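# Notes for the structure review
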Amino acid sequence: MSANLLDIRALRGGYSEVDIIQGIDLSVAPGQIVTIAGTNGAGKSTLVKALLGLLPRVQGEIVLDGRSITRLGAEDRFDAGLAYVPQVANVFASLTVRENLQVVRGVPHLKRRMDEVLADFPALVERLAQPASNLSGGERQQLAFARALMPSPRIMVLDEPTAALAPSLVGKVFDMVQKLPAAGVAVLMVEQRARQALQISLQGYILDQGRCVLAGPAHELLGDERMAQLYLGSH
Ligand SMILES: Nc1ncnc2c1ncn2[C@@H]1O[C@H](COP(=O)(O)OP(=O)(O)OP(=O)(O)O)[C@@H](O)[C@H]1O
Ligand SMILES: [Mg+2]
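Being a predicted model, the structure only gives us computed values, none of them experimental. (Residues numbered from 1 in each chain as written. Chains lettered and ligands numbered in written order. Predicted model: local features only at pLDDT ≥ 70, side-chain atom pairs only at ≥ 80, totals over all residues. Heavy atoms only, no water.)

Attention now goes to the nonpolar core. Within the largest apolar cluster, 38 residues are counted, with the highest numbers of intra-cluster contacts made by Phe145, Met156, Val177 and Met189. Listed by contribution, the elements that provide at least two residues to this core are strand S6 (82-85), helix H3 (97-102), helix H4 (110-118), helix H6 (137-149), strand S7 (155-159), helix H7 (167-179) and strand S8 (186-190). In contact with Met189, other than residues within four places in its own chain, are Ile33, Val34, Thr35, Ile36, Leu158, Pro161, Phe174, Val177, Ala197, Ile200 and Ser201. Judged by nonpolar contacts, the second largest core, of 29 residues, contains Ile8, Leu52, Tyr205 and Leu207. (Core = buried A, V, L, I, M, F, W, Y, C linked by side-chain atoms within 4.5 Å. Buried < 20%, exposed > 50% of the residue type's maximum accessible area, 1.4 Å probe, protein only. Helix = DSSP H or I, 4+ residues; strand = E, 2+ residues; numbered from the N terminus. Contact = heavy atoms within 4.5 Å.)

What follows is the structure in structure tokens.
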């Protein structure tokens, strides 16, 4: 049995009969941060959808914690410990901060878990009774993370968590991501700011046209000048 938390093996699939992702292997060890980078349209978001159970046609295998989840639906994958923070619409604007945390399903000791999660988000504690629509962009992102953490997931999947944010908030999101392993949560994130993301990652994968063109320790990817120029952009 693999010591990895997540193993994706020979994953192919797409939205119609055309394969968008064309045989991807990827692993995440427990408590590890892993970044997926690559060109626009490479299939990064499609890979994330396949992992979450949201892609209509998939072949290959996905193993989470020693158990195949390939044939599970999205809700059962959530119950198996796979958390996802969507880029937009990731909180209920009309509900209060407290209600946003209370409505997460599958949390056995709700009050205790809420206290545990909120310990890392003091700004939210002051705003528990306010509707989420009153929060600033940065506070909303904190609430989205807090919501995702409520069911004690094994791994958090993030698709471009900094894309819609003001530049001043980008560092704060990477700070939140960096704290997750200490809470026992591994991270698989797609990021356009690939250099910054790799700097806090142990492993990286670079996708191009549905295939993985390079994978390895993050510091090696950052040190590969030719690849970095081709795929990592300026951030
Ligand atoms: N819902 C969809 N239906 C059909 N084709 C899609 C759909 N979503 C994406 N595609 C196609 O799949 C390919 C990969 O798209 P995907 O969104 O996975 O790329 P990406 O690497 O996430 O790109 P970006 O960096 O722009 O976010 C593209 O050719 C895109 O047109
Ligand atoms: Mg994408």
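There's plenty left to go through after this.
Here we take up the pattern of salt bridges. Considering all chains together, one arrives at nine salt bridges under this definition. Ionic pairing is found between Arg113 and Glu116, a salt bridge with its closest N-O pair at 2.7 Å. A residue pair is termed a helical-turn pair when its members lie 3 or 4 positions apart in one helix, as Arg113 and Glu116 do in helix H4 at three residues. Using a relative accessible area of 18% as the deciding quantity, one classes Arg113 as buried. By relative accessible area, Glu116 is classed as partly exposed at 42%. The salt bridge involving Glu139 is made with Arg127; its shortest N-O contact spans 3.3 Å. (Salt bridge = Lys/Arg side-chain N within 4 Å of Asp/Glu carboxyl O.)

When two helices pack together, their arrangement is given by the angle between the helix axes and the distance between those axes. Taken N-terminus to C-terminus, the directions of H6 and H7 make an angle of 15 degrees; their axes are 10 Å apart at the nearest point. Comparing the axis directions of H6 and H7 gives the class roughly parallel. Here H6 and H7 pass one another in a crossing that is right-handed. Counted together, Gly137, Gly138, Gln141, Gln142 and Phe145 of H6 and Leu169, Val173, Met176 and Val177 of H7 form the full contact between these two elements. Here the residues of the contact of H6 with H7 sort into five nonpolar, four polar and no charged. (Axes fitted to C-alpha atoms, helices over the stretch in contact; angles between N-to-C directions. Parallel < 35°, antiparallel > 145°, perpendicular 65-115°, else oblique. Left-handed = near helix turned anticlockwise from the far one by under 90°. Nonpolar A, V, L, I, M, F, W, Y, C, P; charged D, E, K, R; others polar.)

On to the site of ligand 1, then. Taken together, 13 residues form the shell around ligand 1, and within it Gly41, Gly43, Lys44, Ser45 and Thr46 come nearest. In the environment of ligand 1, an oxygen atom lies 3.1 Å from a nitrogen or oxygen atom belonging to the side chain of Asn40. At 2.8 Å from an oxygen atom of ligand 1 is found a main-chain nitrogen or oxygen belonging to Gly41. (Near = heavy atom within 4 Å. Polar contact = N/O pair within 3.5 Å; in protein donor to acceptor, adjacent residues only side chain to side chain.)

The sheet built from four strands is open, its strands ordered S2-S1-S4-S5 with antiparallel pairing. Of all strands in the sheet, those with a lone pairing partner are strand S2 (21-28) and strand S5 (67-68), marking the two edges. Where strand S1 (residues 6-14) meets S2, six bridges bridge the pair, whose relative direction is antiparallel. Residue pairing across strands places Arg12 opposite Gln22, the latter belonging to S2. (Pairing = 2+ DSSP bridges.)

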